[in-house]
Amino acid sequence: MKALKLDPRTKLLLCLLVNVPIALFQGSSWILLFVGYALLLLLLSKEYKVALIYLGMYAFFEAFGLISSFLPKIIVTILSHLIIGVGLFLPFIAYGFLLIRTTEINDLAIALDKMKMPNSVIISFLVLFRFIPTIKEEKQAIANAMKLRGISFGFKSLATQPMKTFEYMYIPMLFSLLKSGEELTVASLTRGLGGEQKRTYLRTVKMGAVDYGVLFIFLIMMVFVFFVQL
Amino acid sequence: MNNNKLEVKDFISIGLFSAIYLVLYLALIITLGMVPVIYFFIAAISNLIMGTIYTLFISKVGKKYSVAIMGSLIVLIVSFMTGVVWTKLVFGLGAVALAEFFVSRGEYKSFKLNTISFVCFGFLLFGTYASFWILKDEFMQMLIEHSGTEYADIIATFINPTMLIVIIVVTIIGAIAGSFIGKGLLKKHFERAGIV
Amino acid sequence: MIKIESLFFSYQNSPNEDVLKNINLKVKAGEFVLLTGKSGCGKSTLLNMISGIIPHHTLGNLRGRIFVDNKDVQKHGVQEMSLSVGSVFQNPKSQFFHLNTTDEVLFSASNKGVPELELENRLRETTKLFNLTKLLHRNIFGLSGGEKQKIACASTYAGKPEIFVFDEPSANLDQGAIDELSGILSSLKEKNHTILVAEHRFFHLMDIVDKVIYMESGEIKRVYQREEFLSLSDQARKAMGLRDVHRTEIKKEILTLVTGDESSNWAGSINSDFELKHLNYKYGKTPVINIEHIALNREQVVAIIGKNGCGKSTLAHCLCGLKKGGLLLLNGKEYSEKKRLKAFELVMQDVNHQLFTESVMDEMLLAASNDALMEEINKVLAELDLLEYSAKHPMSLSGGQKQRLVIGASIMAGKDYIIFDEPTSGLDYVHMEAFAEIIKILKTKNKLILIITHDYELINLCCDRVISLSDN
C-alpha cells in the first residue's frame, strides 16, 4: 500500500483544530480517541518509528503516574516539570509529529503560497530552514578553532568566565553567518528571486479527496463526542 | 533607494536571524530543559544571549514589520513542532505584536524603545510556561484521577502564583541585561569591523 | 550583447574613490571573455554591474552608460536583468537557496514563473547537459564543493539566460572539478551563449576563450585576442601579476600514498622529528583514510595533494588532535590528541572562524603565553606586515591579512607544526607569491609546514616535497 500523503494545509488545520476537543473535553478519556486518530494517520503515512516514539512517551507518562507513589518525593519533584510538560502537551504533540515528520519544507512553502501568504513570510521561512545546517557547520568549525587556540567551550569555561567563552563562540559565528547571508542574497537576486512573476513549482501540492475525508472524519468525531458528553 | 519596504535582502536577513534564534533556543532547551526549576528560567537565560541577535537584527534590517515577521515565524515553528496549544499562539503572537509596536515607535533607532521592545519579544515563547498556570485546574484534575492526590500535590507546589511572578520578573531582567550586552557587543565588534 | 560606454563607479561608503574608471567595452553575442588582473582590480565589480547587483543591491555612484541585452542596467532591477544574465559565484557553500538539489536546479526557472510543463522539460534538459542524474533529489549539504558548483551552474542554466557571468568559479575546486567546470563552460559556448569569466587561475579556459581583458586599478589596460595573450612571455605575464596560462606541472619530488593499501606505506628516515603511524580513520564504517607511516623533518615545507574526498582534511584534523587516530611521534615522544592541539596549528580555509577578539593585538595576546613580551609580539607583527593594524578589528582586515594574523597567533603560541588548508585558493599571482614568502620565513623558524593544496604553482614556489594521497 502506498504511504498516505496529506496536503500540508490539512495537517496545519488538524494541529489547530485539535485545540477544540482538548479544551472541551479536558480530563476525559475521550481525548484518547483524537490521539488515536493522529497515530492512525502516522501509521498510514508509514511513519512507524515516530508512532513508536510517541507511544513510548505516552507509556512513560502513564508509568510514572503509576509508580510515583513508591518513589521518593524528591525525584517526583525534580521531574515534575517534565511530567507537566509532557502530560499537558501530549495530545498536541501527536499532531505536531504528524506535521513535522511527514511534511517536506518545500511542500509546506508551496502550501503557504497557496494560502496567499506574502512573499516575505515564505522566503524568510525557506531561508530559516536552509540556514539550520549551515549554523551547525559553522559551530563545529569554530569549536575546532577554539580548541586549537586553547579556549575550551565546555561546562567549566562557561561556568568560570561565561561572557568571554560565549563571546569567542558567538561573535565569529555571527560574522560568518552575516557574510553567508549577504552572499546568498546576491546569488538569489541574480536567480530572479523576488521578481514580479508568480512563482511556479514542479511539485504538486493539492487538497484531494483524502484530505477532505480526513478532515471530515475529525469533525464527525468531534460532534460525536460532544453529544455523548452532553 | 532608501525605501522602507522589505526587500529580498531583508527577507533573507529575517530568515537567517530567525534560524540563529531558533537553533540557540533549541540548544538551551536540550541542555537545560531537563534541569528542574532552571527549566522555568530558560526564557530569561535565552534573553541574555538573544539580546545581541535582536540588536544586530534591528540595526541590519530596521524596517517596518521585520520584527513581526521574525517573531511570528519563531512562535509558529516552535508551536507547530511542540504541539499547537492556543496559549502558545496567543502569548507568542501578542508578545511579537507589542515588540513590533515599540520598536517601530522608535523607528528602530531609540535604544530605550528597542529595549522595551526586546522585553516584549523576550516573552514570545512564554506561552509554554503560561499553559502550566492557565490549564492548571483541568490538568490537576486529570493527575488526581490518574495517580492520586499526593502526586498531584507535589507537582502543584511548583505552579503557584509567586513562582509565576518570579519567572516574569527574572525574564524581564534577563531581557534588559541582554539588550545592554547586545549594545556593548555591537559597539565592540560589529561597528568596529564596519559591518553595521 | 553588452555595451559599456565611459563608465565610472564608486561605492557608497567611499564616494571619492573610483573603483571603475572610464570603462569602454563591447561584447558580441556568443563571445567568451576572460577578465583578469590582480585582486581588487575591479573585475568583480564589473561583473556585478552586468548582472545589475550594482547599482541596485550594492549602492554607489554610477556614471556612464551600460547596456546588457539591449536593456539599460540602471533602469532595470536585478530581477529583470536576471532574465538575460545568469551568475555563478566563487563560494559554492553560500549560493544555494534550497536544501534539495532538484528544487535548487529549478530555483531560477521557478522564480521566473516558467510554466510547470516547461519546468519539467528544463529539468530533463539540464540534467542531461550537466550529467546530474546522480545528484538529483539529494541534500545539498552532502555534496562536495565541485558538485555544489555544478548545481549552481545547472540552476543558472535552467533559468535560460542569454549571458552567463562567472565570478571566480574555480577558486575552491580541485583539479578534477576544474576540468569538469571547463567542460560545462565549453558546452555553454557551443550553445552560443555569451560568457564572461573572472578568474586568477585560467589555464583551463585557454582552449575556449576568445578575448582576454586585463584590468588594473579599475581600468581596462588592454584587450588581448586569444593568440596574443597566449604568446605573452612568462616574464611579462608575471610582471602583470598573472598566473600561468598552461596547466602547471609539479617540479618537486612526489611520493604517492595509496590510502587503504598497506603495502604502499612510505617510511621516511628513522629518527625523524615527525612520525605518523597506523592512521586508520573511519567515518562510521566507511574508511576515510588509511596511512601506515609518514616520517618528516622540521624546516621542511610539504605539500599534500589529492582529489577532494581522499581524506586530506581528515589527515589534518587527526594530526591537530581534532579527530582521534594514529600514533604520532614528535622527536620520538608519543603525542596524545590533547598534546597535539598544543603542538599543531591548523590555518583553515575560512580563517574567519579563527579570529575571536576585538583587535589584532588582543588576538596575539590571546594566543601568547602569559609572559609574552610586547616587543616579541611587535616583532612578529612587523615580520607579517601587520604592525600598523595592531589596533584594528580582525574582521576589518583583508583576507590575506587575516590569514597572516592566524599565522602570527600560532607563532606566539609556540606551535612548531603548522598545517594550511587551501591557503591560496582565489589568490592572484602577486598574493600567492607573498604567501610563499611568509612560508619561507616560517621555515627559517625551524617549523614543519604542511600545505594541503590544489595550487601547483604554489608548490613549485615554496614546497620541498609533495605527498600525493590517492584512494586506490
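Conventions adopted
Residues numbered from 1 in each chain as written. Chains lettered and ligands numbered in written order. Predicted model: local features only at pLDDT ≥ 70, side-chain atom pairs only at ≥ 80, totals over all residues. Helix = DSSP H or I, 4+ residues; strand = E, 2+ residues; numbered from the N terminus. Rg over C-alpha atoms; globule rule 2.2 N^0.38 Å. Buried ≥ 20, exposed ≤ 12 C-beta atoms within 10 Å, placed from the backbone. Contact = placed C-beta atoms within 7 Å. Nonpolar A, V, L, I, M, F, W, Y, C, P; charged D, E, K, R; others polar. Domains from an automatic or database assignment. Pairing = 2+ DSSP bridges. Axes fitted to C-alpha atoms, helices over the stretch in contact; angles between N-to-C directions. Parallel < 35°, antiparallel > 145°, perpendicular 65-115°, else oblique. Left-handed = near helix turned anticlockwise from the far one by under 90°. Right-handed = clockwise from strand over helix to strand, strands pointing away. pLDDT = per-residue confidence, 0-100.

### A short note on the overall build of chain A
So, step 1. Along its length, chain A carries ten helices and zero strands.
So, step 2. Moving toward the C terminus, one meets the helices and strands of chain A in the order α-α-α-α-α-α-α-α-α-α.
So, step 3. For chain A, whose C-alpha radius of gyration is 23 Å, the value lies well above the compact-globule estimate of 17 Å for 230 residues.
So, step 4. By its C-alpha atoms, chain A is 65 × 60 × 30 Å across when sized along the principal axes.
So, step 5. Within chain A, the fraction of its 230 residues that count as buried is 38%.

### Digging into the overall build of chain B
So, step 1. Along chain B, the regular secondary structure elements total nine helices and zero strands.
So, step 2. When the helices and strands of chain B are read in sequence order from the N terminus, they spell out α-α-α-α-α-α-α-α-α.
So, step 3. In terms of C-alpha radius of gyration, chain B reaches 18 Å, essentially the compact-globule figure of 16 Å for 196 residues.
So, step 4. Counting only C-alpha atoms, chain B reaches 65 × 30 × 30 Å along its principal axes.
So, step 5. Burial analysis of chain B (196 residues in total) assigns 48% to the buried set.

### Description of unusual backbone geometry
So, step 1. A cis geometry characterises the amide bond from I54 of chain C onward to P55 of chain C, with omega recorded as 5 degrees.
So, step 2. Topologically, P55 of chain C is positioned in helix α2 (residues 53-56).
So, step 3. Despite not being glycine, E107 of chain B has its phi angle at roughly 50 degrees, a positive value.
So, step 4. Within the fold, E107 of chain B resides in the loop between α4 (86-105) and α5 (111-121).

### Some thoughts on the environment of L56 of chain B
So, step 1. By the secondary structure assignment, L56 of chain B is in helix α2 (residues 42-60).
So, step 2. L56 of chain B sits in the buried class, given 22 other C-beta atoms within 10 Å.
So, step 3. It is 6.9 Å that separates the C-alpha atoms of L56 of chain B and L186 of chain B, two residues lying 130 residues apart in sequence.
So, step 4. Excluding anything up to four places from it in sequence, L56 of chain B contacts L174 of chain A together with L186 and F190 of chain B.

### Thoughts on the interface of chain C and chain B
So, step 1. The interface of chain C with chain B comprises six residues on the first partner and seven residues on the second.
So, step 2. Its residues placed into classes, the side of chain C that touches chain B shows two nonpolar, three polar and one charged.

### Describing the domain arrangement of chain A
Residues and elements named next belong to chain A.
So, step 1. We note that the domain assignment places domain 1 (1-103 + 206-230) and domain 2 (105-199) within chain A.
So, step 2. Each of domain 1 and domain 2 was reduced to a C-alpha centroid, and the two centroids are 32 Å apart.
So, step 3. Facing four residues of domain 1, the contacting portion of domain 2 comprises four residues.

### Looking at the sheet that holds strand β19 (residues 448-452) of chain C
All names here are of chain C.
So, step 1. With parallel pairing, six strands are arranged side by side in an open sheet as β11-β20-β14-β19-β18-β17. In the strand order of this sheet, the two ends are held by β11 (253-258) and β17 (344-347), each with one partner. Each adjacent strand pair in this sheet contributes to an overall mean axis angle of 20 degrees, direction not counted.
So, step 2. Of the pairings in the sheet, the one linking strand β18 (residues 417-421) to β19 comprises five bridges and is parallel in character.

### A few points about the packing of helix α1 (residues 8-32) of chain B against α2 of chain B
All names here are of chain B.
So, step 1. Two numbers describe how α1 lies on α2: the axes approach to 10 Å, and their chain directions differ by 170 degrees. In terms of axis orientation, α1 runs roughly antiparallel to α2. For the pair α1 and α2, the sense of crossing is right-handed. Only I42, I45, S46, I49, M50, I53, F57 and K60 of α2 make contact with α1, whose side of the interface consists of S13, F17, I20, Y21, L24, Y25, L28, I29 and L32.
So, step 2. Each residue belonging to the contact of α1 with α2 can be placed in one class, and the counts come to 14 nonpolar, two polar and one charged.

### Points about the interface of chain A and chain B
So, step 1. Contact with chain A, which involves 49 residues of that partner, is made by 45 residues of chain B.
So, step 2. Every element with two or more residues in the side of chain A that touches chain B is listed here: α1 (8-17), α4 (48-67), α5 (73-102), α7 (119-148) and α9 (162-190) of chain A.
So, step 3. Per-element tally for the side of chain A that touches chain B: the top contributor is α5 of chain A, with 17 residues.
So, step 4. In terms of residue class, the side of chain A that touches chain B is built from 31 nonpolar, 17 polar and one charged.

### Here's the deal with the packing of α1 of chain B against helix α3 (residues 66-82) of chain B
Residue and element names in this part refer to chain B.
So, step 1. α3 packs onto α1 with a crossing angle of 40 degrees between their chain directions and a minimal axis gap of 10 Å. Accordingly, the angle class assigned to the pair α1 and α3 is oblique. Here the hand of the crossing between α1 and α3 comes out right-handed. For the pair formed by α1 and α3, the contact residues are D10, I14, F17, S18, Y21 and L22 on the first element and S66, I69, M70, L73, I74 and I77 on the second.
So, step 2. Of the residues in the contact of α1 with α3, the class split is nine nonpolar, two polar and one charged.

### Comments concerning the sheet that holds strand β15 (residues 327-330) of chain C
Sheet strands pair by backbone hydrogen bonding; their relative direction is either parallel or antiparallel.
Residue and element names in this part refer to chain C.
So, step 1. Across the sheet, which stays open at both edges, the four strands sit in the order β13-β12-β15-β16 with antiparallel pairing between neighbours. The strands lining the two open edges of the sheet, one partner per strand, are β13 (286-296) and β16 (333-335). The average undirected angle you get between the axes of adjacent strands in this sheet is 25 degrees.
So, step 2. Pairing of strand β12 (residues 274-283) with β15, which is carried by four bridges, proceeds in the antiparallel orientation. Its bridge partner lying in β15, E275 is registered against L329.
So, step 3. Sitting on the sheet, helix α11 (residues 312-320) is in contact with β12, β13 and β15, with an inclination near 120 degrees to β12.

### Quick look at the environment of G408 of chain C
Residue and element names in this part refer to chain C.
So, step 1. As for its placement among the helices and strands, G408 is situated in helix α15 (residues 399-412).
So, step 2. Owing to 22 C-beta atoms within 10 Å, G408 belongs among the buried residues under this scheme.
So, step 3. A sequence separation of 212 residues divides G408 from L196, and the C-alpha atoms of the two residues are 38 Å apart.
So, step 4. Those residues within four positions of G408 in sequence are excluded, and the remaining contacts are M364, V380, L381, L384 and L386.

### Brief notes about the pairing of β18 of chain C
Residues and elements named next belong to chain C.
So, step 1. Most of β18 sits inside the fold, with five of its five residues counted as buried.
So, step 2. Side-chain alternation along β18 places Y417, I419 and D421 on one buried face and I418 and F420 on a second face that is also buried.
So, step 3. Where β17 and β18 come together, four bridges link them in parallel fashion. Bridge assignment links L346 to a residue of β18, and that residue is I419.
So, step 4. Read from β18 through helix α16 (residues 429-444) to β19, the crossover connection turns out right-handed.

### What to know about the environment of R138 of chain C
Residues and elements named next belong to chain C.
So, step 1. The topology assignment puts R138 in the loop between α6 (116-130) and α7 (145-158).
So, step 2. Spatially, the C-alpha atom of R138 lies 45 Å from that of E299, the residues being 161 residues apart in sequence.
So, step 3. Filtering out sequence-adjacent residues up to four positions away, R138 remains in contact with T101 and L143.

### Here's the deal with the confidence of the model for chain B
So, step 1. Averaged over all residues, the pLDDT of chain B is 89; the fraction at 70 or higher stands at 97%.
So, step 2. For this predicted complex, the interface confidence score (ipTM) comes to 0.92, while the overall pTM stands at 0.93.

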